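Overview (structure and organization)
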Amino acid sequence: MRLLSPAGEFSYTYHHMDFDVIVIGAGHAGIEAGLAAARMGCSALLITMSLDSIGRMSCNPAIGGLSKGNIVREIDALGGEMGKLIDRSMIQFRILNRSRGPAVQAPRAQADKALYAALAKNCLERTKGLCIFQDTVTDIKTDGGRAEGVITQRGRVFTAKKIVLTTGTFMEASVFIGEFTTSSGRLGEPAAQGLGANLRRMGFPVGRLKTGTPARVRKSSLDFSRMEEQPGEDEIIPFSFSNDSAECAGLSCWITWTNEKTHAIIRGSLHRSPLYSGKITGIGPRYCPSIEDKVVRFAERRRHQVFVEPEGPATEEMYLNGISSSLPEDVQEAFLRTLCGLENVQIMRPGYAVEYDYINPTALYPSLETKLISGLYVAGQTNGTSGYEEAAGQGLVAGLNAALAVRGEPPLILSRAEAYIGVLIDDLVTLGTKEPYRMFTSRAEYRLGLRHDTADRRLLPKAYACGLQSEEAMERLRRKTETCDAIKELLRSRRLAAADSADAAGRALPEKITRHTGETLYQTLKDPEVSLAELEALVPALSGKPPALRSLCELDIKYEGYIKRQEREVERFKKMENVKIPPDFDWDGAEGLSSEARQKLKTIRPLSVGQASRVAGVRPSDIAVLSLHLRRKT
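For every chain, the first residue of the written sequence is number 1, and numbering continues from 1 onward in sequence order. Per-residue local features are limited, in this predicted model, to residues with pLDDT of at least 70; the limit for side-chain atom pairs, both in listing and counting, is 80 or more; totals at the level of whole chains, interfaces and linings are taken over all residues. Values reported for side chains reflect all heavy atoms of the structure, with hydrogen atoms and water molecules removed beforehand.

Our focus in this paragraph is the overall build of the protein. Only DSSP runs of H or I with at least four residues qualify as helices, and only runs of E with at least two residues qualify as strands; both kinds are numbered from the N terminus onward. A tally of helices and strands in the protein yields 21 helices and 20 strands. For a compact globule the rule gives 2.2 Å times the number of residues to the power 0.38, and the radius of gyration it is set against comes from C-alpha atoms. Taken against the 2.2 N^0.38 rule, which gives 26 Å for 634 residues, the C-alpha radius of gyration of the protein at 26 Å falls within 12% of a compact globule. C-alpha atoms of the protein, sized along the principal axes, occupy 80 × 70 × 60 Å. Here the protein holds 634 residues, and 57% of them are scored as buried. Of the roughly 26,200 Å² that the protein leaves accessible, carbon and sulfur atoms contribute 50%. On the protein, the mean spot of the 84 positive side-chain charges and the mean spot of the 78 negative ones are 3 Å from each other. Relative accessibility decides the category of a residue: with a 1.4 Å probe and only protein chains considered, values under 20% of the type maximum give buried, values over 50% give exposed, and everything between is partly exposed. Every accessible area reported is derived by Shrake-Rupley at a probe size of 1.4 Å, with residue values counting cover from the shown protein chains alone. His residues and chain termini do not enter the charge count, which takes Lys and Arg as positive and Asp and Glu as negative. A single reference atom marks each charge: NZ on Lys, CZ on Arg, CG on Asp, CD on Glu.

Only rings of Phe, Tyr and Trp enter the pairing, Trp through its six-membered ring, and a pair is recorded when the two centres are within 6.5 Å. The plane angle decides the type: under 30 degrees is stacked, over 60 is edge-to-face, the rest tilted. Throughout the structure, instances matching the rule amount to seven aromatic pairs. Seen from their ring centres, Tyr287 and Phe440 are 4.6 Å apart, and the 75 degrees between their planes marks the pair as edge-to-face. With Tyr287 in the loop between helix 7 (274-277) and helix 8 (291-297) and Phe440 in the loop between helix 11 (420-431) and helix 12 (455-466), this residue pair connects regions lying 153 residues apart in the sequence. You can call Tyr287 partly exposed: its relative accessible area is 43%. A ring pair is formed by Tyr559 and Tyr562, whose centres lie 6.1 Å apart and whose planes are at 45 degrees; its orientation type is tilted. By relative accessible area, Tyr562 is classed as partly exposed at 47%. Over a ring means this: the NZ of a Lys or the CZ of an Arg is within 6 Å of the ring centre and within 35 degrees of the ring normal. Here the basic side chain of Arg73 rests over the ring of Phe241, its NZ or CZ set 4.0 Å away from the ring centre. If you follow Arg443 out to its NZ or CZ, it ends over the ring of Tyr437, 4.2 Å from the centre.

Where burial is concerned, most of strand 8 (residues 146-152) is hidden: five out of the seven residues are buried. Sheet topology places strand 7 (residues 137-143) next to strand 8; six bridges connect them, and they run antiparallel. The partner of Asp143 across the bridge, within strand 8, is Arg146. The pairing criterion for strands is at least two bridges between them, as found by DSSP. As consecutive antiparallel partners, strand 7 and strand 8 are separated by two residues, and within that stretch Gly144 has a phi angle of approximately 60 degrees, a positive value. Bridge count between strand 8 and strand 9 (residues 157-165): three bridges; the pairing is antiparallel.

As a further point, take the packing of helix 2 (residues 68-77) against helix 12. Under this scheme, a helix contributes an axis fitted over its contacting stretch, all axes are lines through C-alpha atoms, and angles between N-to-C directions fall in the 0 to 180 degree range. Interaxial distance between helix 2 and helix 12 falls to 8 Å at its minimum, and their mutual angle equals 35 degrees. The handedness of the crossing between helix 2 and helix 12 is right-handed. Across the interface between the two elements, Arg73, Glu74 and Ala77 of helix 2 pack against Ala455, Asp456, Arg458, Leu459, Leu460 and Ala463 of helix 12. In this scheme, a crossing is called left-handed if the near helix is turned counterclockwise away from the far one by less than a right angle; it is called right-handed if the turn is clockwise. What makes two residues a contact is simply this: any of their non-hydrogen atoms within 4.5 Å.

Relative to strand 16 (residues 305-310), strand 15 (residues 253-257) runs antiparallel, the two sharing four bridges. Bridge pairing links Ile255 to Phe307 in strand 16. Alignment of strand 16 against strand 17 (residues 317-321), held across four bridges, turns out to be antiparallel. Paired with Glu309 across the strands is Tyr319, a residue of strand 17.

Adjacent strands of a sheet pair through backbone hydrogen bonds, lying either parallel or antiparallel. With respect to topology, four strands assemble into an open sheet ordered 11-10-19-12, the strand pairing being antiparallel. Each edge of the open sheet is held by one strand with a lone partner, namely strand 11 (180-183) and strand 12 (206-213). In this sheet, neighbouring strand axes are inclined to one another by 25 degrees on average, regardless of whether the strands run parallel or antiparallel. Helix-sheet contacts for helix 5 (residues 195-202) involve strand 12 and strand 19 (352-359), and the interaxial angle to strand 12 is about 150 degrees.

Position of Gln230 among the secondary structure elements: in strand 14 (residues 228-230). According to the relative accessible area criterion, Gln230 is buried, its value standing at 14%.

The next subject is the sheet that holds strand 16. Taken together, the six strands give an open sheet; going across it, the order is 14-15-16-17-13-18, and neighbouring strands pair in antiparallel fashion. Single-partner strands in this sheet number two, and they are strand 14 and strand 18 (347-349). On average, each strand axis in the sheet is tilted by 35 degrees relative to the strand beside it, whichever way the strands run. In the sheet, strand 13 (residues 216-218) pairs with strand 17 via three bridges, with the strands oriented antiparallel. The residue of strand 17 that forms the bridge with Arg218 is Glu317.

What follows is about the layout of surface pockets. Both cavities and pockets are sets of points on a 1 Å grid over the protein atoms alone; in a cavity a 1.4 Å probe fits but cannot get out, in a pocket the set is open with protein on both sides within 12 Å along at least five of seven lines, and lining residues sit with an atom within 4 Å of a point. Grid points are joined across faces, edges and corners, and a volume is the space filled by probe spheres set on the points. For the second largest pocket, the calculated volume is near 1,000 Å³. In terms of lining, the second largest pocket is formed by 35 residues, of which the most central are Ile237, Asp453, Pro547, Ala548 and Leu549. Contributions of two or more residues to the lining of the second largest pocket are made by helix 12, helix 13 (471-493) and helix 17 (547-558). A per-element tally of the lining of the second largest pocket places helix 17 first, with seven residues.

Now for the side chain of Ser415. Here Ser415 is to be found in the loop between helix 10 (388-407) and helix 11. In the analysis that follows, any N or O atom pair within 3.5 Å is treated as a polar contact, provided that within protein one partner can donate a hydrogen and the other can accept it, and provided that, for residues neighboring in sequence, both atoms belong to side chains. Reaching out from Ser415, the side chain makes a polar contact with the backbone nitrogen of Ala417 at a distance of 3.1 Å. For Ser415, the residues in contact, after removing those within four places along its chain, are Gly422, Val423 and Phe573.

Next up on the list: the pattern of salt bridges. Opposite charge on two side chains permits them to pair, given that their charged atoms come into close proximity. When a carboxyl oxygen of Asp or Glu is within 4 Å of a side-chain nitrogen of Lys or Arg, the pair counts as a salt bridge. Under the defined criterion, the tally for this structure stands at 53 salt bridges. In this structure, the salt-bridge partner of Lys84 is Asp76, at a minimum N-O distance of 3.4 Å. Overall, Lys84 belongs to the partly exposed group, its relative accessible area being 27%. In this structure, the salt-bridge partner of Arg451 is Asp453, at a minimum N-O distance of 2.9 Å. Counted as one network, the salt bridges with shared partners bring together Arg416, Asp426, Asp427, Glu445, Glu577 and Arg614.

Okay, here's the thing in structure tokens:
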């Protein structure tokens, strides 16, 4: 009997159980980790509890959003798969924050949930060098502080040079619906038992977190005439830089609201909520609270918005975004029927809470390798994050770095100035988290340089150097760069003259343009009131350039001054990041450090002065002392 392997290729049989990289879990983090390792030439094994659950969207059937859309495009630039998967499975597309600056705009797409998962599984199955096996990992096999394999529930032992742990919400997990509690990582799917206890035994800082999901309801039981329609946009920007276009079913979402009747039912049933009865001890997501939490914490609010979202064109299930709950099923039905359009709602799956084990990410290096066990990497919700995008970004970095370590090469560390993924990982490993971490644009100090449309410029060359991007992709980036340079040169070479009072059709140019007479069009475009579209009539050659690249250049030009100022800040940031701290630095022998700083720095073991400066409790005076000690050692 053989392990599943790429179509038409069966490289591994049961007697061959040694791999370069083993990935535990096949959620969004595990998918990217397994693909990255295999694509970089490693023999990789992905072990999952259920082949039928690969790539499943446990919660919201959507990819992208504020900062999350940027992460998806970064994943794509680094050679990951998430962008390609959503491009092939989207059913609605929107750019969020269009009315605000480009640094906080982001793409978001509703997904055909079943198609997304099927495409993910098919991609894994067809990847050369990647094997997939159904079992549950219960323990990590180690030797002298080094990971060397895994032990499964059925007693199988697989060995590997490197291991990537991506268990999501399944490790020692329990599901709660009112008074009902069961061991489960998703409703109807068993938890991964044993691994959390064994990680505790090894000395890892393991805690408990909580998340939740709303009810799924039957589409035909809803009255959409009583809701506000939210259609998608006609112009679709693909998430993957390798795609020039993407097709979309164009399904609408809908908006309704809770009301005082809703809140009264919830308040009257709080004694039956596991969140308030003491059953759940894990901390839930601050920025995505359950409807029980919203009613209690925001008692002054008379209503809360609910998005009614389709899970696909071939299913009746609709997702109620914004109203997750672990209240009893009868209470859920009662309060849902108070919402406009849901008076006759039929619940197909109830909402529930899930509590699970996670590892405090301060136990990891920025490469996502654990400090306690070398060769063991951890990614995704196991590190305390929330969201498919945050998980996938970590999984890609963990799988990539595991493969680099197999080759004997140094890890790829993305800085805060290079990527949202860099901000995410740095926040986790430097500050840790005691609640599910969610990425926001506000977390990125240098977000003006981290726009979603520049991810390939920032990251694709790094992926190419690692072997995760092709020569074809690099050539595509080179052509894009050349085209952008040509557009900017056209604008620099054309100066507004007094004779430029009308466009080619004889229409008078507006005063906001003619007041720039004597300036180049490049300078004119810096005016916030002037758009590139308004200048195109003066430069006919622009009309042949791709719209996406014209938009990219316009933003580059308009924000050039701000970007240059931020680049100076980035240079100062890099200076501190480039002052490295030896792994064996004697923190106890560093006289002058405050007691709090010494304790925190010994725990985090930062790799640079820059990272040390971001550790909670470390003061500027501590950084000055540390810098002095490091200078003495050089």
